Structure formats: C-alpha cells, structure tokens
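In case you want the letters, here they are:
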Amino acid sequence: MTDTRVTIAGVELKNPVMTASGTFGSGAEYGEFVDLNRLGAVVTKGVANVPWPGNPTPRIAETYGGMLNAIGLQNPGIDVFVKRDIPFLKQYDTKIIVNVCGRTAEDYVEVVERLADEPVDLLEINISCPNVKEGGIAFGQDPKAVEAITREVKRHAAQPVIMKLSPNVTDITVMAKAAEAGGADALSLINTLTGMKIDIHKRTFALANKTGGMSGPAVKPVAVRMVYQTAQAVKIPIIGMGGIMNADDAVEFMLAGATAVSVGTANFHDPYVTEKIVDGIRAYLERYQVEDIRELIGAVR
Amino acid sequence: MAKTKMTAKVVSQEMIGPEIYSMWIQADEIACQARAGQFVSVYTRDASKLLPRPISICEIDRKNRRLRLVYRVAGAGTEEFSGYKAGESVEVLGPLGNGFPEVGPEKSALLIGGGIGIPPMLELARELKCKKTAVLGYRDSRLFLKNEFEPYADAVVATEDGSAGTKGNVLDAIREEGLKADVIMACGPTPMLRALKAYAAERQIECWLSLEERMACGIGACLACVCKSRETDEHSHVHNKRICKDGPVFEAGEVEL
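Predicted, not measured: the structure shown is a model, and the values here were computed from it.

1. Here we look at the overall build of chain B
Looking only at helices and strands, one finds six helices and 16 strands in chain B. For chain B, whose C-alpha radius of gyration is 18 Å, the value lies close to the compact-globule estimate of 18 Å for 257 residues. Counting across all 257 residues of chain B, residues that qualify as buried make up 54%. Taking contacts inside chain B between residues at least 6 apart in sequence as the whole, the part at least 24 apart equals 59%.

2. Some remarks on the interface of chain A and chain B
In this assembly, 33 residues from chain A lie in contact with 25 residues from chain B. When grouped by side-chain class, the residues that make up the side of chain A that touches chain B number 15 nonpolar, 13 polar and five charged.

3. Quick word on the nonpolar core
Nonpolar side chains in soluble globular proteins generally cluster together in the buried interior. Core analysis: the biggest nonpolar cluster contains 191 residues, and L123, L187, V227 and V261 of chain A together with V40 of chain B have the highest contact counts within it. Excluding residues within four positions of it along the chain, L123 of chain A makes contact with V98, V100, V112, L115, A157, Q159, V161 and I162 of chain A.

4. A short note on helix 5 (residues 172-181) of chain A
The periodicity of an α-helix, 3.6 residues per turn, causes residues three or four positions apart to be oriented the same way. Residue and element names in this part refer to chain A. Regarding helix 5, the residues found buried are I172, M175, A176, A178, A179 and E180. Its buried side turned inward, helix 5 meets helix 3 (137-140), helix 4 (143-156), strand 9 (161-164), strand 10 (186-189) and helix 6 (220-233). G183 sits one or two positions beyond helix 5 and adopts a positive phi of about 105 degrees.

5. Remarks on the domain arrangement of chain B
All names here are of chain B. Here chain B is partitioned into domain 1 (4-96), domain 2 (100-210) and domain 3 (213-250 + 253-257). Using C-alpha coordinates to define each centre, domain 2 is positioned 24 Å away from domain 3. Contacts between domain 2 and domain 3 engage nine residues on the former and six residues on the latter. Residue assignment for the side of domain 2 that touches domain 3 shows that the elements contributing at least two residues are helix 6 (190-203) and strand 13 (206-210). For the side of domain 2 that touches domain 3, the element with the highest residue contribution is helix 6, accounting for five residues. Residues of the side of domain 2 that touches domain 3, tallied by class, amount to five nonpolar, two polar and two charged.

6. Some details on the environment of E127 of chain B
Within the element layout of this structure, E127 of chain B appears in helix 3 (residues 119-127). Along the primary structure E127 of chain B and R214 of chain B are separated by 87 residues, whereas in three dimensions their C-alpha atoms are 28 Å apart.

7. Remarks on the sheet that holds strand 6 (residues 66-72) of chain B
Residues and elements named next belong to chain B. The strand order 4-3-7-1-2-6-5 describes an open sheet built from seven strands, whose pairing is antiparallel. In this open sheet, the two strands that pair with only one neighbour each are strand 4 (53-56) and strand 5 (59-61). Strand after strand, the sheet turns through a mean of 35 degrees between neighbouring axes, direction not considered. Sheet analysis places strand 3 (residues 39-43) next to strand 4, joined by four bridges and oriented antiparallel. By the bridge assignment, F39 is partnered in strand 4 with S56. Across the sheet, helix 3 lies against strand 4, strand 5 and strand 6, angled at about 50 degrees from strand 5, the strand it touches most.

8. Some thoughts on helix 4 of chain A
With 14 residues, helix 4 of chain A should cover 20 Å at 1.5 Å per step; its first-to-last C-alpha distance of 20 Å lies within 8% of that length. Considered for burial, the residues of helix 4 of chain A that qualify are V146, E147, I149, T150 and V153 of chain A.

9. Brief notes about the sheet that holds strand 11 (residues 193-196) of chain A
All names here are of chain A. Across the sheet, four strands lie side by side as 5-6-14-11; this open sheet has antiparallel pairing. On the outer flanks of this sheet lie strand 5 (60-63) and strand 11, each paired with one strand and no other. Neighbour-to-neighbour, the strand axes of the sheet open up by a mean angle of 40 degrees, direction not taken into account. Note: strand 5 against strand 6 (residues 66-69), four bridges, orientation antiparallel. Paired with I60 across the two strands is N69, which belongs to strand 6.

10. Some remarks on the confidence of the model for chain B
The pLDDT averaged across chain B works out to 96; a share of 100% of its residues lies at or above 70. For this predicted complex, the interface score ipTM comes out at 0.94, while the overall pTM is 0.96.

11. Structural notes on the pairing of strand 9 of chain A
Residues and elements named next belong to chain A. The side-chain alternation of strand 9 yields two buried faces, one formed by V161 and M163 and the other by I162 and K164. When strand 8 (residues 122-126) meets strand 9, the two strands line up parallel, connected through four bridges. When the sheet's bridge partners are listed, I125 is paired in strand 9 with M163. Two strands pair when backbone bridges link them, and strand 9 and strand 10 are joined in this way by three bridges, in the parallel orientation. From the neighbouring strand, M163 faces strand 10, where its bridge partner is L187. Crossover strand 9 to strand 10 through helix 5 is right-handed.

Cut-off values and rules
- Residues numbered from 1 in each chain as written.
- Chains lettered and ligands numbered in written order.
- Predicted model: local features only at pLDDT ≥ 70, side-chain atom pairs only at ≥ 80, totals over all residues.
- Helix = DSSP H or I, 4+ residues; strand = E, 2+ residues; numbered from the N terminus.
- Rg over C-alpha atoms; globule rule 2.2 N^0.38 Å.
- Buried ≥ 20, exposed ≤ 12 C-beta atoms within 10 Å, placed from the backbone.
- Contact = placed C-beta atoms within 7 Å.
- Nonpolar A, V, L, I, M, F, W, Y, C, P; charged D, E, K, R; others polar.
- Core = buried A, V, L, I, M, F, W, Y, C linked by C-beta atoms within 7 Å.
- Domains from an automatic or database assignment.
- Pairing = 2+ DSSP bridges.
- Axes fitted to C-alpha atoms, helices over the stretch in contact; angles between N-to-C directions.
- Expected span 1.5 Å × (residues − 1).
- pLDDT = per-residue confidence, 0-100.
- Right-handed = clockwise from strand over helix to strand, strands pointing away.

Here it is as structure tokens:
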C-alpha cells in the first residue's frame, strides 16, 4: 500500500494536494468539477474581519505562461464566511485551511479569534498580497514585522498557524526564519510575484491597479528555488506553490522540501486539475515503488 | 447535468465578416443544456496561454447537439481558433452564465446587438416567442448575421459610416424607425449599453444587458470579472456581481456601467 498521508503541524492530510488561496473560492464553484473529498485540504480565499470590495477592473491579464491578478482580496468578511463557507466545507472529508487577511494586526487578530471555536484545521496568514495598499505585503517584507505579526497571531490563534510568505524580497530565508522565530507552525510559499503589463495598442496598463501578482508555470523555477532555500533554513514544514500545473510539478516541489503543495492558477486552465494531480502523484509513487510519500520531502539536497 | 469541460469537434469554420468567424462545434453535453445569452470558455492549444477565452453562444442546435460560436479575432488566442478546421478538436467549458430571461408572448421586445455583441442575440431571436425586432449596429455595410435574423425578427440596421441602414448607432436607428417595445435586451460595447440603460430608464422599459469583462475561471471562483451592482452581491456581500456567474445578463437598473 502506498501511503500518501502527510502531516502539517499535527494535522494529518490524506494527501499533500491543496488549493492555493484565492483561486478556488471556498470550494463551492470547483466542487461542481472535482470531488472535494479527494483533496488533502481546501485553502479558502482570504477572509478579513469585514467585507472588502477589492480593486477596480480589469483585475486580471494573461502573460506568457502565466497571468497577473489584482483582485484586491474581495471577500465577504468573517461573519458571512463563518455562517456559509465553513458549514459548506464541513460536508466534505477534507481539511479546512482558512486564509486570513487584514490591514492591521488587529484585523488579523479579530478574524483569528472569531475562528477559534470553528471547525477549522489550520490558519494561513496572508502577509504577502501584493495588491492591497495596507496590510498584506507590508507585513511580509520586513523581518521584524513578520516576526511581530506571527507572534501576535499565535497569541490569539486556537489552530496551528501557517505564515504565507512573499517572494518579493531579497532573501526569503530571512523572512522564513523570522516567521519561525515568531512561532509559526508552518510556511506557505510563494505568493505571487509583483508584475506589470502594458497594452501597447491602448497605451494603458492592462490592470486597473497598474501592478498585479504574477502566477502560473512561468514562475515555477523561482518558487522551487525558494522552497528549497527555505527548507534548508527552517525546521517547520513548508507548503510549496507557484505554477504547479501537474503531478510532476507537485513532486518537484516535494523533492525541493515541501511537505504539501497548493494548486492555484492551474485550476483556471483545467477545473479538474486538482484531482488529476492527486492521481498523478500516486502513479509516480507506484512507478518508483515509494511506499511512503514522506520519503520525497526534501529528498534532493 | 452541469457545467462541463469537454473536447468538442469542430464541424465547420468560416469567415463571415471583418475579422469575424463562425465556428460550429459538436459539443453534446454543453449544447443539450445551453440557452440564449450563455457563453462558453474556449481553451487554446498554445500552452503559454493559460486562460480560456469567453465566447458567447450564437446558435444552439439541440437536435444535433451543436453550438455555433461567432467571434472576432482580437488577439493570438482567437487567431488560433480561426485556424481550426472541420474535424479538429477544441477544449470548451460550459454552458456558463445565466442567459436571458423569458419574455411573455403578449409582449414585444427589441433585441439589440452592437458589433461582436450581435451573435448572442441571434439565438435569443430564435428562442423568444414574442413579437420582436432586432436592431443591429455595425461599423459599415459588412452586415454579418443580419440575414440570419430575418426568419425570426424584423431586422433594423445602423452603421457608423452610414453605408447601410441608419447612419449612427442603434439608438439612432430606434429613433429613426420609431421603434417601441415592452422589453429591451442587448449585448454590445459598454457605451451602447450605457445609452440603452438611460433610454430604457427614461421610458420605464424593462431592460436586460449582457456585459463582458476579462475573466479567469469563468465559474465564479476567482472574482476577476465583477461589475458594480446596486444590490449587494450574493458572494461577497459588497456591490460586486460576478459577470461570469451572476451574469452576464443583468437587469439594467441592477448594474452601474
């Protein structure tokens, strides 16, 4: 029997495949295409203490082998989320990871406290969104701020805390160590890379926000490198993401040091892709007669 | 049955206007569910292009389970589609969106299309049982699809250069022809929709508009293609309805343009 289970901060996932925050809602829309029961976890779109309207449109643009988005964390706020999205996800046999966003430390803490009594398995704290002016990435580019916000969230969190890191930094291991020092139970990386696209015919920015977060297969080598470097620098588990399109990409992230993987932009290209990756990883393990998937984690040094 | 992503077969492909192509596809699971005003997402074969192209449904052949997609070549993705030949396969997701509402047989409707907003009005003309007039806005006298409306509706034309029908836009044609109706249904460029919204509001005519926006997922998950709405939206409880899922067809008073 091939064992595909992995553990993040004491939470056991049936397999390492989860969804990247912001690409999958809370699963309701993609649940028409994939069986959510087959996923290791669903990571929800970021939720704040109050509803956020997000940015003006256009909010997305296609780029070579990728895309830019500047959604701006539109979300219904924690009240609706707790009443609607958590009960929806509870119908499924998958782990629930709630991505939390905020403009201030108090915003994050308010959401985290509201989630304390909810049937949520893990919290993912978004300190790396490049598309909002306050909060988001402002917390994620300064190691002192990373450590402080991590410590503050940990003081109030009932569930284990994953800090989601930005690649828009000189040295990601500095941020990773800061999060670990602040008490983070795990890390997610990478969030999107800040990018820009100009429409040469209209002579305007392709996105109303001018800049956006780049994702998709074009960023994958950067993400693999950062997961590898981070895995060498910290002891806490890493959820790897950035351009995963198929099972081969997922395995590559695990070999680089990720304990689990998140699939994001690929959902837009193929709404069935998450299940295909679950199947593909199993096929890889069988092909190479790997009995326990954990043998892959960080196997390439 | 529900939305599905499938490999469809190209049945035919022809150029029917300036950069305008008509492609019939064999898409059984989608065709048997689709209705006027819905759209499909079409994926390119070029793996460097990840996002599907949303294209409105121009005609539904339920008997043979085929869809007709009439689209404008606007970039490299649609350029690729225009090269597909009969027998080739194409990846399609659909049917997406809500579609136009029904109109009672006692009412009369103006079906208004501007430019590449004309195609979805053809299936609507075929499906509506009420009295209807199509008002079609073109750049010039290359009046793609116009003849195909005629079995189902009177067709009135406006052209920007005045080379056919009324010189000007669809509203100029409505005024010149003295057209009146109980319901307006329209698809086209935003300035046209904005003008129709004002026209309908002034006269207190029921008005339904089909909007478009850059999309990623096409199914309501990514929140890329929102429009400002009067009511709070079901998803985020702000004022941002999702064009791909809550629309693309909205009651005109519901959306800010």
